[in-house]
6 protein chains.
Amino acid sequence: MTDITRADGRTPDRLRPVTIERGWSRQAEGSALISFGNTRVLCTASFTNGVPRWMTGKGKGWVTAEYAMLPRSTNERMDRESVKGRIGGRTHEISRLIGRSLRAVVDMKALGENTIVIDCDVLQADGGTRTAAITGAYVALADALEWGRDHRFIGQKATPLIDSVSAVSVGIIDGAPMLDLAYVEDVRAETDMNVVVTGRGLFVEVQGTAEGAPFDRAELNSLLDLALAGTTDLAELQRAALASSELGIEG
Amino acid sequence: MTDITRADGRTPDRLRPVTIERGWSRQAEGSALISFGNTRVLCTASFTNGVPRWMTGKGKGWVTAEYAMLPRSTNERMDRESVKGRIGGRTHEISRLIGRSLRAVVDMKALGENTIVIDCDVLQADGGTRTAAITGAYVALADALEWGRDHRFIGQKATPLIDSVSAVSVGIIDGAPMLDLAYVEDVRAETDMNVVVTGRGLFVEVQGTAEGAPFDRAELNSLLDLALAGTTDLAELQRAALASSELGIEG
Amino acid sequence: MTDITRADGRTPDRLRPVTIERGWSRQAEGSALISFGNTRVLCTASFTNGVPRWMTGKGKGWVTAEYAMLPRSTNERMDRESVKGRIGGRTHEISRLIGRSLRAVVDMKALGENTIVIDCDVLQADGGTRTAAITGAYVALADALEWGRDHRFIGQKATPLIDSVSAVSVGIIDGAPMLDLAYVEDVRAETDMNVVVTGRGLFVEVQGTAEGAPFDRAELNSLLDLALAGTTDLAELQRAALASSELGIEG
Amino acid sequence: MTDITRADGRTPDRLRPVTIERGWSRQAEGSALISFGNTRVLCTASFTNGVPRWMTGKGKGWVTAEYAMLPRSTNERMDRESVKGRIGGRTHEISRLIGRSLRAVVDMKALGENTIVIDCDVLQADGGTRTAAITGAYVALADALEWGRDHRFIGQKATPLIDSVSAVSVGIIDGAPMLDLAYVEDVRAETDMNVVVTGRGLFVEVQGTAEGAPFDRAELNSLLDLALAGTTDLAELQRAALASSELGIEG
Amino acid sequence: MTDITRADGRTPDRLRPVTIERGWSRQAEGSALISFGNTRVLCTASFTNGVPRWMTGKGKGWVTAEYAMLPRSTNERMDRESVKGRIGGRTHEISRLIGRSLRAVVDMKALGENTIVIDCDVLQADGGTRTAAITGAYVALADALEWGRDHRFIGQKATPLIDSVSAVSVGIIDGAPMLDLAYVEDVRAETDMNVVVTGRGLFVEVQGTAEGAPFDRAELNSLLDLALAGTTDLAELQRAALASSELGIEG
Amino acid sequence: MTDITRADGRTPDRLRPVTIERGWSRQAEGSALISFGNTRVLCTASFTNGVPRWMTGKGKGWVTAEYAMLPRSTNERMDRESVKGRIGGRTHEISRLIGRSLRAVVDMKALGENTIVIDCDVLQADGGTRTAAITGAYVALADALEWGRDHRFIGQKATPLIDSVSAVSVGIIDGAPMLDLAYVEDVRAETDMNVVVTGRGLFVEVQGTAEGAPFDRAELNSLLDLALAGTTDLAELQRAALASSELGIEG
């Protein structure tokens, strides 16, 4: 696998340089500006005491997420969804994926009747925006939970975070499995898979799509191998970012 | 695995009774009313000569799909999306999934500059609506392609259908992997996976989600085993339905 | 009047074959799949205990209806209203007509503070969809009211149904009045009238429109004669469907 | 019938005072501010050379109408439909009725490839807004057609207006049929009918609705009698308004 | 400045003829049909006891405004915003301007927990619609407040109106400052300014825009001089309209 | 004026620290991340060869702008306008202001048939977002025009930029005029004015609003004095940013 060199010089099994600027926003209870190479996503976590009316009185919290792209985050300017008056299917799909991924590592009872809304806004897009968003959102979420504990909205002994979670894309290009696809790679991939994995190495989401030719079981297996290795590295970078007492941790 | 009996008496590795009423609609170029147990989906394929303007002149066709549920297809009546003025994220997600699944088995060059729109309307929902929709949509698509050939919009020697495609859900309930979940099973599943497979046994989509606890590699593997067995059976039922010269083929 | 033969061989004063599959849906409290020839409408009645907030405390119930067509119920595929983000004027008009027609035979006090929502979804359209919808909706409504009584939401002595109600279209084609127009007739009609009549033979709605030439009083009178004869037959078919203890009553 | 006196002192068979201020707008090619008692509707007719693209090349014109109410035309302020982002069913229904009524008296071939859009905006509402709108719209339409002829968009020998058209409401209150209902009467009516009639006395639309109790054939007949008498008077007032060379004709 | 004569014969420092028909609407608690030359705006004020939920319990009232144009108030017919399903930026901007202008002269505590909604509907547009709207809206507002006092929703000693408010446009055309621009002037103006001034001569809003060339401080000053003179005259006309006990006061 | 010290220690006539990171985006033809204190706005300029259809063939270009705020740019999270399905009045108003301000310094003939869309997305809001947006947008615009010239879409001798443009807010707080209001100041201001000024010191927009008490001419004059001094400084910072050959110029 190692003879193939990619456009940016990486070997097939390498992540792009990952940067996590924790606490980027002065306003949000938790935030991170994350980069996977040239992909840059601003993730904020907004903590609110209380839950939507339909959940009240169950002693449980709620975590949800919204994803969006700035109109010129892409190479060609896209129309704003607010101007079109509708949210597109892709946006919906990714927002839901991020929300599910984060909820998988939160104990809603331990969170108590509090709501966390995660916003992932893509400032610059170069492939892997959803996986960068999930990885950065986890850091913002962790800080917002800490804020909630500090402000006594969450019990001092409660541990709402069960595990960490990160995500990476993998794909098959010219028959070769590759990790963390940049945009130029993504458009050429025959198969494209996004894998969301907890810090303990368990799967939260496996979403594989044959863009070109259908794939067989062996290919699926090598993609999963790559993804597990990549998310192990991302989990380590998340840990480092959260351990640091300062902003701008470099991966 | 075989000692577990399900609410409807099935063993974990059995499909529900599957029925395909081919040619249900008098209007559409291709159609099928498919049942997976109590789940009933009306699939129609509308053939139009020509493609959207942005595709004109490339010598290629286009296949797209829309999914929707009747308001009282479910146990509690849902508001209509037309009344709400917006299509929800789940609807978007499933429409896109059906479209991608069908495009994976169509050779767009062989289709020529023709458009096929597949509508999958759920008349009654009892789990697995998206997988029933994909499986029925393939039958409608095949008939619409035949119609296009009969009407000389598709070349007589062209073979736009590369393969067949069907889909099934699998999930883990109380630790046990199960095939083709009914609604009561779906809501209890810890992990829920939809798998789209071609007639040759290759994967088109693998979408696994940990609804409850994250899953490990071994669990993923047993789910894939079940899904491949199920789609092999579905492919056979599709073949039978299309081979018949009459409507109302029973699976 | 009897020498004129129509495309389908009927005499001018004959209904198309009418079929009422009572209880088609497993989910709804009342339902009927009704056919007027090739027009097929799925009618479901959803019973909810309670009324909208603005009606609470008045001791009265509410009955409302929504009508829609599947995109490929027609000969040319129509865009979905959910995709367009708006409901068209025709849809609104027919939904309101169905609701008014049903409310005309319900005693809202006897219904008590309960709500019934009728959904009429056209699966296949060949003229007369609104009149088939009203006729089928009455059967679904009657069963939902029975369900409400069985579940003690409606008093055991209350008689919320005052009368039955059915509807039929009539029109003038080449100067001749005709009953129950099929689509090919409808587009040619100079005058088109939808008449909603109770089981006792009283008018609930008379909606006559000159599509081509305006009509005189004599023409109006012969159209009403035809309509009253047609609705008398439909009322009989409704009675038979409701009297039967089984599904799939044939008219 | 004549012993009953109404809130405003009218006998059951009398119209309210009707005023037609022809040419109220300086901008529109035709216009009329019409009053039926306290109901006041501003009708403008906008003439455009050319037709919508889907009609081009057929040598025919098009006439359409839009109806709306100012938010405080009613006793309680209503939200604007522009603010709600949707047009309600009632608005749609009335706009379509006005359009059909006007088209019934226009020879589209004689109009040639020209479009006339009629706007009927209710400035003050006191019952009968749709019938006042149709009656006033006809005057605006006639002037716009004259304008089109003067500007050579319509042939000098063409007679696009086949007939005149007006409309009136009738209803049954406490068992008595009455003409031209004011709002306080309208809300009490058991049956409410809007009748659109040409200058020659032929029906264009008959829309009768049982708001309270269903009605029988004898009641229907007396309502039609009243309506025909009322529209005869309205046709006369339209003629007078159009004959005058000045604005502000009083009926 | 006085040698320049305008299309309508005015000197640069003259208003167009201004008419205020106070109490035009029978329905609204306050109303005025105001004309600035051919610009005609119907202003109604709707008084409601109570405030929106988010303001309850603060002992303060609320005043808000909505502006709209009839589709054929302009020379070319515009599409309705209700039909487009969205309110345009210009409409929003003017609605907000009118609301702010009126609130500047209302003491919300003296108003108490009451809401006034002002609707300004342009029946005919010939430049200066927003300034006519503000000027007429003040008259409607004053009458609605009087109505509130008469009906004991406002304390008998409370004086919710702190001052009067009116507005006028000014602009620079061919280098010359001019007052109250008609439409033909407005489109030629290099700079266009709307100035809202209280009866005491204080500014509420100054909105100057360089449509063509940017403007210097001296130009700004002469525009403000003109505007202050114009609003002094408008304040006098408002006083006269409100002093009169009859409708249709002519300025 | 100088004894008053503000929350952040500034004198009334001082700007907050201003930073312009020119070329922040890798994708856009021109971009700047601008900060006015804690207010941070990402401005991108998208250059497209060609103009909207309605402008084609006039030999002129077009410049337009869109403004938006990220949901958690503010202290309390706001709902996304894309989720609400509508753009609010304030957003529309500011987008239009930015567009007009930029067009005032562009010679559309010199630009030729090219379109520039400016996007101003507020990443963090602390007062003055619209003035920061205009000031940053000018830098992005200048770079996009340079790109257009480099790519031969703009003539080599054409000078589409007539002047520079910047903007600042001023307001009266506790009777004292102040420059460049931070959010905590903005909410307390009696009068709030946004002033857009060209590099040569001419006014493009003057938008003054009495939020609390109306203001007199003397107050207006001192606000304009402050604004002109502030925009002189901003113009200098813009020049420095554009003169630099590197990114991240600090003001």
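Conventions we followed
Residues numbered from 1 in each chain as written. Chains lettered and ligands numbered in written order. Predicted model: local features only at pLDDT ≥ 70, side-chain atom pairs only at ≥ 80, totals over all residues. Heavy atoms only, no water. Least-squares fit on C-alpha atoms with pLDDT ≥ 70 in both. Helix = DSSP H or I, 4+ residues; strand = E, 2+ residues; numbered from the N terminus. Buried < 20%, exposed > 50% of the residue type's maximum accessible area, 1.4 Å probe, protein only. Contact = heavy atoms within 4.5 Å. Buried area = accessible area lost by both parts, 1.4 Å probe. Salt bridge = Lys/Arg side-chain N within 4 Å of Asp/Glu carboxyl O. UniProt positions renumbered as here; feature names shortened; annotations may be inferred. Axes fitted to C-alpha atoms, helices over the stretch in contact; angles between N-to-C directions. Parallel < 35°, antiparallel > 145°, perpendicular 65-115°, else oblique. Left-handed = near helix turned anticlockwise from the far one by under 90°. Nonpolar A, V, L, I, M, F, W, Y, C, P; charged D, E, K, R; others polar. Expected span 1.5 Å × (residues − 1). Pairing = 2+ DSSP bridges.

With that settled, the discussion passes to the relation of the copies chain F and chain A. Each copy of the sequence occupies a distinct position, and chain F is placed on chain A by a rotation of 180 degrees and an axial shift of 0.0 Å, giving an RMSD of 0.0 Å. Such a combination of rotation and displacement between the chain copies is what one expects of a two-fold axis. Nearest to the rotation axis, the C-alpha of Ser82(F) is located 1.8 Å from it, this being the minimum over chain F.

Attention now moves to unusual backbone geometry. Residue and element names in this part refer to chain A. Residue Asp-174 is not a glycine yet carries a positive backbone phi of 50 degrees. Looking at the secondary structure, you find Asp-174 in the loop between strand 6 (165–173) and strand 7 (176–179). Judged by relative accessible area, which is 62%, Asp-174 ranks as exposed.

What follows is about the interface of chain F and chain A. Between chain F and chain A, the residue contacts involve 34 residues of the former and 34 residues of the latter. Of the roughly 2900 Å² buried where chain F meets chain A, counting both sides, 48% is carbon and sulfur surface. On the chain F side of the contact with chain A, Trp24(F), Gln27(F) and Arg72(F) bury the most area, a combined 25% of that side's loss. In this assembly, chain F and chain A are joined by 12 salt bridges.

Let us look at the UniProt feature "domain: Exoribonuclease phosphorolytic" (unreviewed entry) in chain A. Residue and element names in this part refer to chain A. In this numbering, the UniProt entry assigns the feature "domain: Exoribonuclease phosphorolytic" (unreviewed entry) to residues 15–144 and 164–229. From the first C-alpha to the last, residues 15–144 spans 27 Å; its make-up is 30% helix and 32% strand. For the annotated span residues 164–229, helix accounts for 26% and strand for 44% of the residues, and the straight-line distance between the end C-alpha atoms is 15 Å.

Counting across every chain of the model gives 126 salt bridges over all chains. In this structure, Arg100(B) and Glu205(B) form a salt bridge, with 2.6 Å as the shortest nitrogen-oxygen distance. Linking Arg100(B) in helix 2 (residues 89–103) with Glu205(B) in strand 9 (residues 203–210), this pair joins segments that are 105 residues apart in sequence. A relative accessible area of 17% places Arg100(B) in the buried class. Put simply, Arg22(D) and Asp143(D) hold a salt bridge, and the shortest N to O gap is 2.7 Å. With a gap of 121 residues between them, Arg22(D) in strand 1 (residues 18–22) and Asp143(D) in helix 4 (residues 129–150) connect regions that are remote in the sequence. The same class applies to Arg22(D) and to Asp143(D), which are both buried. One connected set of salt bridges, linked through shared partners, spans Arg6(A), Asp8(A), Arg10(A), Arg16(A), Asp126(A), Asp180(A) and Glu185(A).

Residue and element names in this part refer to chain B. Between helix 2 and helix 4 (residues 129–150), the least distance of the axes is 10 Å, while the angle of their chain directions is 40 degrees. The angle between helix 2 and helix 4 falls in the class oblique. Both helix 2 and helix 4 take part in a crossing whose hand is right-handed. Contacts between helix 2 and helix 4 pair Arg-90, Ile-94, Leu-97, Ile-98, Ser-101 and Leu-102 from the former with Thr-129, Arg-130, Ala-133, Ile-134, Ala-137, Tyr-138 and Leu-141 from the latter. When its residues are assigned to classes, the contact of helix 2 with helix 4 shows nine nonpolar, two polar and two charged.

In this model, helix 6 (residues 217–243) of chain E (27 residues) spans 39 Å end to end at C-alpha, consistent with the 39 Å of a helix rising 1.5 Å per residue. Inspection of helix 6 of chain E places Leu220(E), Leu223(E), Leu224(E), Leu226(E), Ala227(E), Gly230(E), Thr231(E), Leu234(E), Ala235(E), Leu237(E), Gln238(E) and Ala241(E) among the buried residues, and these make up the whole buried set.

On to the sheet that holds strand 9 (residues 203–210) of chain A, then. Strand order in the open sheet made by the eight strands is 7(A)-6(A)-8(A)-9(A)-9(B)-8(B)-6(B)-7(B), with antiparallel pairing throughout. The strands lining the two open edges of the sheet, one partner per strand, are strand 7 of chain A together with strand 7 (176–179) of chain B. Taken pair by pair, the neighbouring strands of this sheet meet at an average axis angle of 15 degrees, ignoring direction. Relative to strand 7 of chain A, strand 6 of chain A runs antiparallel, the two being bridged by four bridges. Among the inter-strand pairings, Val170(A) is bridged to a residue of strand 7 of chain A, identified as Leu179(A).

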